[in-house]
Number of protein chains: 2
Amino acid sequence: MSNSLNTISTILTDEKSTDKKDLYLNPNIIGLKESPTLRINQHCKELAAQGRHVYKLGLGQSPFPVPEPVVNALRLYAPQKDYLPVQGLPELRKAVAEFHRKKDGVDIMPGNVIIGPGSKELLFLLQMVFDGEVITPSPSWVSYVPQAKIIGNTIHVLHTTSSAQWRLKPEQLDEFCRKNNSNGNKKYLLILNYPGNPDGITYGRESIMELAETARRNNIFILSDEIYGQLHHAGNHVSIAKYYPEGTIISSGLSKWCGAGGWRLGTFSFPPNLRWLLEAMAAVASETYTSVSAPIQYAAVQAFLCGAEIENYLWHVRKILSLLGNEFAAIIKQGNIVVNDPTGGFYLFIDLTPLKKKLNNRGILNSTLLCDRLLEETGIAILPGVDFNRPPDELSARLSYVDFDGAKALAASYTIPLHEKLPENFLAQYCGNVIEAAIKIVEWANRPD
Amino acid sequence: MSNSLNTISTILTDEKSTDKKDLYLNPNIIGLKESPTLRINQHCKELAAQGRHVYKLGLGQSPFPVPEPVVNALRLYAPQKDYLPVQGLPELRKAVAEFHRKKDGVDIMPGNVIIGPGSKELLFLLQMVFDGEVITPSPSWVSYVPQAKIIGNTIHVLHTTSSAQWRLKPEQLDEFCRKNNSNGNKKYLLILNYPGNPDGITYGRESIMELAETARRNNIFILSDEIYGQLHHAGNHVSIAKYYPEGTIISSGLSKWCGAGGWRLGTFSFPPNLRWLLEAMAAVASETYTSVSAPIQYAAVQAFLCGAEIENYLWHVRKILSLLGNEFAAIIKQGNIVVNDPTGGFYLFIDLTPLKKKLNNRGILNSTLLCDRLLEETGIAILPGVDFNRPPDELSARLSYVDFDGAKALAASYTIPLHEKLPENFLAQYCGNVIEAAIKIVEWANRPD
């Protein structure tokens, strides 16, 4: 017995013996790193603390403040201290259902909405309770695949192309099912995210209808991650739930359109016939996070009611993001870098393959090196394509064009009527850092070997 | 293919075919119900909405308001919208470390503290990343075992007895290890909770030292759930981390001593040599809840700094709980019901075994029926012993003596100097409902067959 005691003591005290510690870790967790988007955020803070000028295009955080009526509601409800129902505050579930009715033309019953501490947590619960396989197009958001790995789920990544605007084609989905589910017995959950992270592009109505039809034909459930829905630059978001209501779960939350990422509140809305999935999630929620912070839920009611002040806020936010995103893309394109014009959210997914030879000569052989070297040599933080499930040697990357003072930009935009264009010098004045980063990326990528 | 399509359509549309839906559910989740404490809370609300007078001794929620300085801090920090570091706001981790140094005499480094949306969620992550077996005494808190089941962990329940004040004895732990780990190769996590839920009893210094020594000798890690530590009625909480620092993780949070259950903020504090467990938890956290709500974390700094106003609040809270808990126990004992005098928290664990024959004659054969019938016939909601891992036919139950207006009671207590006793009519005046429930339980239990 004394021998084994010694062994364990070594494990406990020798901090370098990582492999030995792995004996004490769930095999699904070993080697798991902190989510890249959060890691880059910390890394930028550390570099800034060292006095370096950093262009923070890594973390996808809305630069805009939480709308005033929502902040005021949080102040008002600060004393709320009771545990709320696991599924969420009834008034909030009602507001979320009404939000989807009004915004998306989709009928959701308040009883079929669940509130979680971020839609990421809700998706984790869904992946945990669902006993089937997951499908997601690539590039895709950083957390879908790691979640599947933690849980031990099978996840299939369907690659899309830049020339197809990184869109999943219905025939691709059909083909996948023909190959993998010829007897129709497998259970699939397709995760779609539009307007997309990392691509900033969305699906038009036609494509949405075709995808809906394909999913229905193949009995695939859809988790429709529409967290950027209200940030469609033209306010034209179309939910697939409208065309495949019986098989679609809509994901939304406060993080993006409401600027409240740090508040941690996400929502899933289910059709009545998938309520059993919600119930299984709620049972796990009751044994994990219990319920979302009460003051935050009360404040969120104000957000989802989406009154005139918030609607006005949203239109100004869209106007700024659209101008900036398109300008960024225009600059980037001049540098022999492939990018699609954005239609929603605040991301661009760039592809430096046309410069591959040049970059390879500089020792930049994959997307990780691309981003490491860019940060080191210019102070610009972006995330490698590989984090979004692209092939490692594809020279792709995601950038979030959010490194500006959103409160100031918004205040300036508020002084200009919505139907008028923002003045020519608006971006230089309020988003100068981002524009500078775009120019520097082009210069850096095109440097002589 | 059309056959299988039909099968799946049936599953999707027939809401009653629960078994078929189970095909789509993770086997570990099937049959999982919402946590009993949260379920009873909802049930009480529904009964009250039907116009019934309900004595809400089910959910273990602090009846006291969140201290004013903490609520004011939440108001002040309402606009905080940034994603915070996964591990938690650095100022908060510093305050938590200082809290444990001051309160428990334990050295914690701020870098070894992790903040989660409730300590329940943190425990779930710990159970998820730890690749070993879990041990917990019974009666034990409702969530330890279901969490293990969801994750698929092995959990061992060590039964204690009322005559031993529901305390785990060191020799019991030793014997367990001799039987189950004779070669010393197994990895164990012991979950201890004191002052205890559901028992309201704690360990004295001597017992804590002996348990620490036993755990050390057997290489068992301890998760020390000290969420009620500051509610030790005499302010004499002793943490096992003081005597087994290298193997103990301390769990705390705002829910109980700070009256902010609905805010959802828990903390785990690690010794340096178990930091790798924290890191694994943080990696999973970054793929699930991301970080705890920013305004809540900023407000929590104020709580953990535990200034004079909060210390004063705590002494008054303890004074009220001690008086009420002991009075409740005294009444209960008169009714031939076994109960121990409480020393912390706001629970009593009662055992009606002396009335077994009488109760059996009334068709009350187990703790579930006991609580169902009590609620039905008197409106008193308490939770059956079986939910706390007691044998189903043991006529035991947990009650939370919290169904009173804590704000009013506290305001009244504030007018009386701390060193003076509360007046004789204090409980009748401010906790009348709870005292009434105690009397009714005795009457009900001793009814003629």
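Residues numbered from 1 in each chain as written. Chains lettered and ligands numbered in written order. Predicted model: local features only at pLDDT ≥ 70, side-chain atom pairs only at ≥ 80, totals over all residues.

A. Structural view of the overall build of chain A. The helix and strand inventory of chain A stands at 17 helices and 12 strands. By the compact-globule yardstick of 22 Å for 449 residues, chain A fits well, its C-alpha radius of gyration being 23 Å. Expressed as lengths along the three principal axes of its C-alpha atoms, the size of chain A is roughly 70 × 55 × 50 Å. For chain A, long-range pairs separated by at least 24 residues make up 72% of all intrachain contacts whose partners lie at least 6 apart in sequence. (Helix = DSSP H or I, 4+ residues; strand = E, 2+ residues; numbered from the N terminus. Rg over C-alpha atoms; globule rule 2.2 N^0.38 Å. Contact = placed C-beta atoms within 7 Å.)

B. Here's a closer look at the interface of chain B and chain A. Facing 78 residues of chain B, the contacting portion of chain A comprises 78 residues. Of all the secondary structure elements, the ones that give two or more residues to the side of chain B that touches chain A are α1 (2-13), α3 (36-49), α4 (68-76), α6 (119-129), α7 (144-151), α10 (275-286) and α11 (294-305) of chain B. Looking at the side of chain B that touches chain A, its residues break down into 39 nonpolar, 25 polar and 14 charged. (Nonpolar A, V, L, I, M, F, W, Y, C, P; charged D, E, K, R; others polar.)

C. Highlighting the sheet that holds strand β6 (residues 220-225) of chain A. Residue and element names in this part refer to chain A. Pairing is mixed across the open sheet formed by 7 strands, whose spatial order is β2-β8-β7-β6-β5-β3-β4. One side of each edge strand has no neighbouring strand; the edge strands of this open sheet are β2 (113-116) and β4 (155-159). Strand after strand, the sheet turns through a mean of 20° between neighbouring axes, direction not considered. Sheet analysis places β2 next to strand β8 (residues 266-269), joined by 4 bridges and oriented antiparallel. Looking at β8, one finds that Ile 114 is bridged to Phe 268. The strands that helix α5 (residues 90-104) touches are β2, β7 (248-253) and β8; relative to β2, the one it contacts most, it runs at about 115°. (Pairing = 2+ DSSP bridges. Axes fitted to C-alpha atoms, helices over the stretch in contact; angles between N-to-C directions.)

D. Structural detail: the relation of the copies chain B and chain A. Turning chain B through 180° and shifting it by 0.0 Å along the axis lays it on chain A, with an RMSD of 0.0 Å. This pairing of chains is accounted for by a two-fold axis. By C-alpha distance to the rotation axis, the residue of chain B lying nearest is Arg 75 of chain B, at 2.3 Å. Looking at the interface residues of chain B, 100% of them are also at the interface in chain A, so both copies use one shared face. (Least-squares fit on C-alpha atoms with pLDDT ≥ 70 in both.)

E. Representation of the domain arrangement of chain A within the structure. All names here are of chain A. Domain boundaries assigned for chain A yield domain 1 (55-60 + 309-445) and domain 2 (68-306). The dominant element in the side of domain 1 that touches domain 2, judged by the number of residues it contributes, is helix α12 (residues 308-333), at 10 residues. Each residue belonging to the side of domain 1 that touches domain 2 can be placed in one class, and the counts come to 11 nonpolar, 9 polar and 7 charged. (Domains from an automatic or database assignment.)

F. Looking closely at the environment of Asn 183 of chain A. Residues and elements named next belong to chain A. By the secondary structure assignment, Asn 183 is in the loop between α8 (170-180) and β5 (188-193). Residue class for Asn 183 comes out exposed when judged on the 8 C-beta atoms lying within 10 Å of it. C-alpha separation for the pair Asn 183 and Lys 408, spaced 225 residues apart in sequence, amounts to 57 Å. (Buried ≥ 20, exposed ≤ 12 C-beta atoms within 10 Å, placed from the backbone.)

G. Seen up close, the confidence of the model for chain A. Averaged over all residues, the pLDDT of chain A equals 93, while 96% of them reach at least 70. Between residues 1-17 of chain A, whose pLDDT stays under 50, and residues either more than four places distant or in other chains, the model counts 17 contacts. (pLDDT = per-residue confidence, 0-100.)

H. Fine view of the sheet that holds strand β11 (residues 383-384) of chain B. All names here are of chain B. Taken together, 3 strands build an open sheet; the order of strands is β9-β12-β11 and the sheet is antiparallel. Looking at the sheet topology across the chains shown, the edges are occupied by β9 (347-351) and β11. Where β9 lies against strand β12 (residues 396-400), 5 bridges are found, and the strand directions are antiparallel. Note on β12: the bridge partner recorded for Phe 349 is Arg 398.

I. Up close: the nonpolar core. Formed by 297 residues in total, the largest nonpolar core has its most connected members in Val 129, Ile 222, Met 281 and Val 284 of chain A together with Val 129, Met 281 and Val 284 of chain B. Leave out the neighbours within four places in its chain, and Val 129 of chain B touches Leu 25, Asn 26 and Ile 29 of chain A together with Leu 277, Ala 280, Met 281 and Val 284 of chain B. (Core = buried A, V, L, I, M, F, W, Y, C linked by C-beta atoms within 7 Å.)

J. Looking closely at the packing of helix α8 (residues 170-180) of chain B against helix α9 (residues 205-217) of chain B. Residue and element names in this part refer to chain B. Across the interface, α8 lies against α9 with an axial gap of 9 Å and an inter-helix angle of 10°. The orientation of α8 relative to α9 falls into the category roughly parallel. For the crossing formed where α8 meets α9, the hand is right-handed. Within the contact between the two elements, α8 uses Pro 170, Leu 173 and Asp 174 and α9 uses Glu 210, Leu 211 and Thr 214. Partitioning the contact of α8 with α9 into residue classes produces 3 nonpolar, 1 polar and 2 charged. (Parallel < 35°, antiparallel > 145°, perpendicular 65-115°, else oblique. Left-handed = near helix turned anticlockwise from the far one by under 90°.)

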